[in-house]
Amino acid sequence: MALDVHAIYPGTFDPITLGHEDLVRRAAQLFGRVTVAVAMAHHKKTLFSLEERMDMVRQALQDCPQVQVEPFEGLVTEFAAARGAQAMVRGLRSGTDFDYEAQLAGMNRALQPQIDTVFLTPASQYQHISSTLVREIATLGGDAAQFVSPAVWDRLVHKLRANAR
């Protein structure tokens, strides 16, 4: 473990999935401190508010003392640099993800050369999971409980019922 390295794991987390949790827990074994940076995401229409998404991330990762959760707006590289982070963690589920993420990593490195991007792949049982698909399955009445923690699933079901009224 690199005890003196601070890593940022950015995302929208709408909602946090078991795949996200897997990556954060593995990053926490590699780095002394991990900040889950929850995007305000003004460019996306999120199902959950920023506060709800941050709360779900905190609840899902409450057993990880070296993980903190913070909101961010704007360029994630500026957020990471302002917090003295040396690494940015990004998840790769497939080759398609790699093409996009490699380009993003190159742009981030051009903006903040002192911050390295580290790619992690989720455990095989989580590689197919995405927040978008979880939301879509749940919205259409399907059971996506196996893709998120029980507390997140409860909040998702409650949110969708509330929105349907």
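Owing to the predicted nature of the structure, the values given are computational and were not obtained by experimental measurement. (Residues numbered from 1 in each chain as written. Predicted model: local features only at pLDDT ≥ 70, side-chain atom pairs only at ≥ 80, totals over all residues. Heavy atoms only, no water.)

(A) Fine view of the packing of aromatic side chains. This model, assessed by the stated rule, comprises three aromatic pairs. Arranged with centres 5.4 Å apart and planes meeting at 65 degrees, the rings of Tyr 9 and Phe 13 form a pair that is edge-to-face. No difference in accessibility class separates Tyr 9 from Phe 13, as the two residues are buried. Between Phe 98 and Phe 119 the ring centres are 6.0 Å apart and the planes differ by 65 degrees, which places this aromatic pair in the edge-to-face class. You can see Phe 98 sitting in helix H4 (residues 95-111) and its partner Phe 119 sitting in strand E5 (residues 116-120), a full 21 residues away along the chain. Relative accessible area serves as the criterion here: at 30%, Phe 119 is assigned to the partly exposed category. (Phe/Tyr/Trp six-rings, centres within 6.5 Å; stacked < 30°, edge-to-face > 60°. Buried < 20%, exposed > 50% of the residue type's maximum accessible area, 1.4 Å probe, protein only. Helix = DSSP H or I, 4+ residues; strand = E, 2+ residues; numbered from the N terminus.)

(B) Spatial organisation of the pairing of strand E3 (residues 67-72). Note that strand E2 (residues 31-39) and E3 share six bridges and pair parallel. Its bridge partner lying in E3, Ala 37 is registered against Glu 70. At this point the chain moves from E2, through helix H2 (residues 50-60), to the parallel E3, and the crossover so formed is right-handed. (Pairing = 2+ DSSP bridges. Right-handed = clockwise from strand over helix to strand, strands pointing away.)

(C) Inspection of unusual backbone geometry at higher detail. With an omega dihedral of 5 degrees, the bond running from Asp 14 to Pro 15 counts as a cis peptide bond. In the Ramachandran plot, Phe 13 falls in the positive-phi region, its phi being about 55 degrees despite a non-glycine side chain. With respect to the secondary-structure elements, Phe 13 resides in the loop between strand E1 (2-11) and helix H1 (18-30). For Phe 13, a relative accessible area of 3% gives the class buried.

(D) Summary view of the nonpolar core. Core analysis: the biggest nonpolar cluster contains 39 residues, and Ile 16, Phe 31, Val 36, Val 38, Val 57, Leu 61 and Val 67 have the highest contact counts within it. Mapped by element, the contributors of at least two residues to this core are E1, H1, E2, H2, E3, strand E4 (87-91), helix H5 (131-139) and helix H6 (150-164). In contact with Val 36, other than residues within four places in its own chain, are Tyr 9, Phe 13, Val 24, Val 57, Leu 61, Val 67, Gln 68, Val 69 and Glu 70. Listed in part, the 11 residues of the second largest apolar core include Ala 39, Val 76, Phe 79 and Ala 85. (Core = buried A, V, L, I, M, F, W, Y, C linked by side-chain atoms within 4.5 Å. Contact = heavy atoms within 4.5 Å.)

(E) The arrangement of the side chain of Ser 131 in detail. Residue position: Ser 131 is located in helix H5. Judged by its relative accessible area of 12%, Ser 131 falls in the buried class. One polar contact links the side chain of Ser 131 to the main-chain carbonyl oxygen of Pro 15, over a distance of 2.6 Å. For Ser 131, the contacting residues outside a window of four places in its chain are Asp 14, Pro 15, Thr 17 and His 20. (Polar contact = N/O pair within 3.5 Å; in protein donor to acceptor, adjacent residues only side chain to side chain.)

(F) Layout of H4. Its 17 residues place the ends of H4 24 Å apart at the C-alpha level, agreeing with the 24 Å of an ideal helix rising 1.5 Å per residue. Buried residues of H4: Asp 97, Glu 101, Ala 105 and Asn 108, and no others. Each buried residue of H4 lies within a common arc of 65 degrees when the element is viewed along its axis, so the set occupies one face. In H4, those exposed residues whose orientation departs by more than 90 degrees from the buried face are Thr 96, Asp 99, Gln 103, Met 107 and Ala 110. The inward-facing, buried residues of H4 abut helix H3 (76-82), E4 and E5. (Expected span 1.5 Å × (residues − 1). Arc of directions from axis to C-beta.)

(G) Just the pattern of salt bridges, in detail. Tallied over the full model, the rule gives 10 salt bridges. Residue Arg 155 is joined to Asp 55 by a salt bridge in which the shortest nitrogen-to-oxygen separation is 2.4 Å. Of the two residues, Arg 155 is situated in helix H6 and Asp 55 in helix H2; the sequence distance between them amounts to 100 residues. For Arg 155, a relative accessible area of 24% translates into the label partly exposed. A residue is classified by how much of its surface remains accessible, and Asp 55, at 36% relative accessible area, is partly exposed. (Salt bridge = Lys/Arg side-chain N within 4 Å of Asp/Glu carboxyl O.)

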